[in-house]
Amino acid sequence: MATTTTTKVLNMEFLTDEDSRRTVSVNDPLETLDGEGVSLAMESMVAANTLCDSKGNLVTLANSANLTTTTKTVENLF
């Protein structure tokens, strides 16, 4: 018997004035997710000045976002 599972991860990448990157990942995002909503959420995160890179620099720009879907099938042989 085989079992199949699907997982989704939303990865949002931000930039700082120092050209460093900060990625925020969300496991199992809402099914109603769309580009416009993600963009607005990211811009709100930037405006709130709540995200920093590993050196303490505030993020200043929402750079990109992607949704990764992974499907895994496990087949029990015995």
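Conventions used here
Residues numbered from 1 in each chain as written. Predicted model: local features only at pLDDT ≥ 70, side-chain atom pairs only at ≥ 80, totals over all residues. Heavy atoms only, no water. Helix = DSSP H or I, 4+ residues; strand = E, 2+ residues; numbered from the N terminus. Rg over C-alpha atoms; globule rule 2.2 N^0.38 Å. Buried < 20%, exposed > 50% of the residue type's maximum accessible area, 1.4 Å probe, protein only. Contact = heavy atoms within 4.5 Å. Areas by Shrake-Rupley, 256 points an atom, 1.4 Å probe, with all protein chains shown as cover. Lys, Arg positive; Asp, Glu negative; His and termini not counted. Charge placed at Lys NZ, Arg CZ, Asp CG, Glu CD.

Peer 1: I'm lost on the overall build of the chain in this one. Help?
Peer 2: A tally of regular secondary structure across the chain gives one helix and three strands. Reading the chain from its N terminus to its C terminus gives the helix and strand order β-β-α-β. The C-alpha radius of gyration of the chain comes to 17 Å, more than 25% above the 12 Å expected for a compact globule of 78 residues. Per-residue burial for the chain yields a buried fraction of 22% across its 78 residues. Expressed as a percentage of contacts within the chain between residues at least 6 apart in sequence, the contacts between residues at least 24 apart total 61%. Of the roughly 5,700 Å² that the chain leaves accessible, carbon and sulfur atoms contribute 51%. In the chain, the 5 positive side-chain charges and the 11 negative ones have mean positions that sit 8 Å from each other.

Honestly, that's just the spatial picture; any functional story needs more than this.
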